[in-house]
Each structure stands twice: as structure tokens, then as C-alpha cells.
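Residue-level listing of the chains:
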Amino acid sequence: MPMPGLLSIDPDKLFVHSSILEIEDVQKKLQLEIERKREELRTMVGERYRDLIEAADTISQMKTLSERVIDDVNSMKIATVELQERQVSGFKLEHHIRDVKNNTWASVAFQIKVLVDITEYIWEAIDQADFTRATLLFLMARYIKTSLEINPSFKTSEYFPVVSRQWSSIVHFKETIIRGAEEILKSQHLSQVTSGSLVSLALLESLTAGKLLERYISLRSDALRAVLSTHQYLDSDVIKERLCHSYTLLIHSITAISDCFLGGALAKDGLLWAELARHVGPLSPPTLHLLEHENEDIPTSFLPSAIKQFRPVLDWSLEPLPED
């Protein structure tokens, strides 16, 4: 330890107040203190240098560890992103599957709704004697019922018994439409709906042109017999009236054959084929437009494309008859 007061000695005062021996003694003490300080400095520098070397090694190790930590963090980021992508992909796939299932059930629900609503529209068409529209709606209802039954995704009869019950209330429309069309074709004065009635019979009974003509002639023959047959006494006026009715019926019958089957002056290929072209085949509008015209709230976006694009097709030969 340094002697007290050595560092605070005033040299001027020392030479004034002290003797030479005292000054020499102070000099020796100062020299010893200087040497001691030098030794402490050497020791301190040596220790600090050793610490510095150790610190340098530690810093190098820390650098290596830091690089490893950075690499591990980057690897964790990449792994996290991949995991997130897998989770998102799985969620999207699951969500997509759930959406598909939900859309499937929604599609079934709206098909059943159309099947239920279509009954009213068929009745309305029959009441208006529009048997062509009634036939088209009936065929569409039959198509929806068939598509629901053959769908492999679910058991219609088990999950949706309403389909079979609703079809039971629709299936009888076929005979009702056929009888209504036949009554029109047996009327004395044929109207513009004659070709529509013929279309109904052709579609519902799969009649060829020849068979349809035979059916038409048979119905007109029944109408003629109904006019001529009687069990009452006939006077001359009644006979004349019935002959006139028979003549009118024959004229209308022959004219209708010419117009509907052969073409005549009104249509190149006959009114029957013109009427078919309006409702049957790929160039005709989808049958669903008949419902959309009646009810704009039909959720067509949930219906299968096959139903949205449905229109009757002829799977049998129905070619125009030769004029000879």
C-alpha cells in the first residue's frame, strides 16, 4: 500500500522544511512505490490480456452459437410456414368437402321443392287446356324423380320418403293429360291447340308419326260416329244438321292432317314438327324456363346442370309423312 502523504507531497515545501536525509528517505520511498505500481501494472495487464484472450475465444464461440441459433430459427420459420400451409390446405379441403356435401343436400332439397311445386303448375296447365305445357312439366317431374332415385350419394327412399309420396300424386297426370288431349282431338271444330295435343300424345306414349296418325284418325272416327249415331227419331232437319256437322268434322279432320302432318300452307314440315321443335331437342329452350316464368324465386343455382338443361328428347323415329 502507498504510504500516506507520499502522493500529496509538495516538492517546494519538502526542500524548504526537510533535511537532506529526510529528502533521500522520501525519494527511496517514492522509488519503492513506483516499482510496486509497475509490478501491479504488469500483473494487471497480464491478467487482463489473459481475460481478453478468453473473451475472444468466448466471442468466437458465441458467434458460432448465434449462427446456429439463426439457422434453427430460419428452419423453424420454414417448418411453421409448411405446417400452416398443410393446415390451411387441410382446412380448405375439408371445407370444400363440407361445401360439396352441403351443396349436394341443398341440391336435393331444391329438387324436392321443384317436385312439390310442379304439381300446381301441371294442374294449372290442364285447367287451361294447355296439354303441351302440362306434358313438358310432367316429363320434367319424372326426370327429377328418376335422378333422385338413381343418385348413389344417398338412399332417397330412406332419407326422403316425400319423393315417392309426391310422385304418387303426380304420376296420375299422365292419364289425365292423355284424356284431355284426346278430347280436344275428338272435338268437332279443331283449334290451334291440335298440334299441341298431338305432341302430348307423341311424347307421353312414344308414338311414331305413322302410329300418331292412326291414333288421330281413330279419334276423329269416334267423333264422327258420335255425331251420326242416335237412338232417337230423326226428322229431316235433324238429319240435315248432323250431315252438316259430319261434313264440317271431315273437312276439319282432313285440313288438320294436311297442316299438322304434311305441312300444308302454314308450315313447311307441318305444325306438329314445328311444335316439337319449340319444345324438344337440343335447340329448344330448357323446360325449366316454364317454371321460371311462373315462379321467379326458384333457386336454379342449386339445381344440377342436367335438370337446368333438361328438355325432352325423341328416342324414336318421328319423321314427317310423305305427301303421297
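Bear in mind that the values here come from a model prediction, so they are computed numbers and not experimental data. (Residues numbered from 1 in each chain as written. Predicted model: local features only at pLDDT ≥ 70, side-chain atom pairs only at ≥ 80, totals over all residues. Heavy atoms only, no water.)

### As for the nonpolar core
Rules: The term nonpolar core refers to a set of buried residues drawn from Ala, Val, Leu, Ile, Met, Phe, Trp, Tyr and Cys, joined through side-chain atoms within 4.5 Å. For every residue, the accessible area obtained with a 1.4 Å probe (protein chains only) is divided by the maximum for its type, and the residue is called buried under 20%, exposed over 50%, and partly exposed between those limits. A helix here means a DSSP run of H or I that spans at least four residues, while a strand means a run of E at least two residues long, and both kinds are numbered starting from the N terminus. The contact definition used throughout considers only heavy atoms, calling two residues in contact when any of these lie within 4.5 Å.
Grouped together as the largest cluster of nonpolar side chains are 55 residues, with contacts concentrated most on I122, F138, I170, F261 and L272. In terms of residue count, helix α3 (residues 131-150) provides more of this core than any other element does, ten residues in total. F138 has contacts with I122, W167, I170, V171, F173, K174, I177 and L204, leaving out every residue within four places of it along the chain.

### As for the environment of V114
Relative to the helices and strands, V114 is located in helix α2 (residues 20-127). By relative accessible area, V114 is classed as buried at 7%. Taking the C-alpha atoms as reference points, V114 and L288, separated by 174 residues in sequence, lie 9.8 Å from one another.

### Some words on the confidence of the model for the protein
For any part of a model where pLDDT is low, the fine detail of the predicted coordinates should not be relied upon. Applied cut-off: Per residue, pLDDT measures the predictor's confidence, with a range of 0 to 100.
Chain-level pLDDT for the protein is 76 on average; 77% of the residues reach the 70-or-more range. Helix α6 (residues 173-185) holds the highest mean pLDDT among the elements of the protein, 90, whereas helix α4 (residues 156-159) holds the lowest, 66. This model gives residues 87-102 a pLDDT under 50, and the stretch forms one contact once residues within four places in sequence are excluded. This stretch, residues 264-268, has a pLDDT under 50; its non-local contacts, to residues over four places away or in other chains, come to seven contacts.

### Some thoughts on a negative patch on the surface
Applicable threshold: To count toward a patch, a residue needs a relative accessible area above 30% and no salt bridge. Like charges then connect within 9 Å, nonpolar side chains (Val, Leu, Ile, Met, Phe, Trp, Tyr) within 5 Å. Each accessible area is a Shrake-Rupley result for a 1.4 Å probe, and residues are judged covered by the shown protein chains and nothing else. Think of a salt bridge as a Lys or Arg side-chain nitrogen and an Asp or Glu carboxyl oxygen that are within 4 Å of each other. In this tally Asp and Glu are treated as negative and Lys and Arg as positive; neither His nor the chain ends contributes. To locate a charge, take NZ of a lysine, CZ of an arginine, CG of an aspartate or CD of a glutamate.
A cluster of acidic side chains, namely E47, D51, E54 and D57, defines a negative patch on the protein surface. Secondary-structure assignment places E47 in helix α2. For E47, a relative accessible area of 35% translates into the label partly exposed.

### Quick notes on a nonpolar patch on the surface
Taken together, L228, I239 and L243 make up a surface patch of nonpolar side chains, about 270 Å² in accessible area. Mapped onto the elements of the fold, I239 is located in helix α9 (residues 236-262). The exposure class assigned to I239 is partly exposed, which follows from its relative accessible area of 39%.

### Quick word on the environment of P11
With respect to the helices and strands, P11 occurs in helix α1 (residues 11-17). Among the residues examined, P11 registers a relative accessible area of 47% and is labelled partly exposed. Measuring from C-alpha to C-alpha, the distance between P11 and I23 comes to 9.5 Å, with twelve residues separating the pair along the chain.

### So, unusual backbone geometry
Although it is not a glycine, A129 sits at a positive phi angle of roughly 60°. As for its placement among the helices and strands, A129 is situated in the loop between α2 and α3. In this structure, S206 takes a positive phi of about 55° despite not being glycine. Here S206 is to be found in the loop between α7 (194-205) and α8 (209-228).

### Examining the packing of α3 against helix α5 (residues 161-170)
Inclusion rule: Only C-alpha atoms enter the line fits that serve as axes; for helices the fit covers just the stretch in contact. Angles between N-to-C directions range over 0 to 180 degrees. For classification purposes, angles smaller than 35 degrees are called roughly parallel, those larger than 145 roughly antiparallel, those between 65 and 115 roughly perpendicular, and all remaining angles oblique. For any helix crossing, the convention is left-handed if the near helix is rotated counterclockwise from the far helix by under a right angle, and right-handed if that rotation is clockwise. Residues were grouped as follows: Ala, Val, Leu, Ile, Met, Phe, Trp, Tyr, Cys and Pro as nonpolar; Asp, Glu, Lys and Arg as charged; and all remaining residues, including Gly, as polar.
Remark: α3 packs on α5, axes separated minimally by 11 Å, with the N-to-C direction vectors making an angle of 155°. When the interaxial angle is binned, α3 and α5 end up roughly antiparallel. Two packed elements cross with a definite hand, and for α3 against α5 that hand is left-handed. For the pair formed by α3 and α5, the contact residues are F138, A141, R142, K145 and L148 on the first element and V163, W167 and I170 on the second. Residue composition of the contact of α3 with α5, grouped by class: six nonpolar, no polar and two charged.

### Looking at α8
Stated formally: Here the expected span of a helix is defined as 1.5 Å times the quantity of residues minus one. What the arc describes is the spread of directions from the helix axis to the C-beta atoms.
The terminal C-alpha atoms of α8 lie 29 Å apart, and with 20 residues this matches the ideal 28 Å at 1.5 Å per residue to within 8%. Within the sequence span of α8, burial applies to A209, L212, L213, Y216, L219, R220, A223 and V227. The buried residues of α8 all sit within an arc of 130° when viewed along its axis, so they share a single face. On the buried face of α8, the contacting elements are α6, α7, α9 and α10 (271-279).

### Points about the pattern of salt bridges
Taken as a whole and assessed by the stated rule, the structure comprises twelve salt bridges. For K186, the salt bridge is made with E183, and the minimal N-O distance between the two is 3.6 Å. On the basis of relative accessible area, K186 is assigned to the partly exposed category, the value being 28%. Here E205 and R215 are joined by a salt bridge, their closest N and O atoms 2.3 Å apart. Linking E205 in helix α7 with R215 in helix α8, this pair joins segments that are ten residues apart in sequence. One continuous salt-bridge network, built from bridges that share partners, spans E33, R36 and E40.

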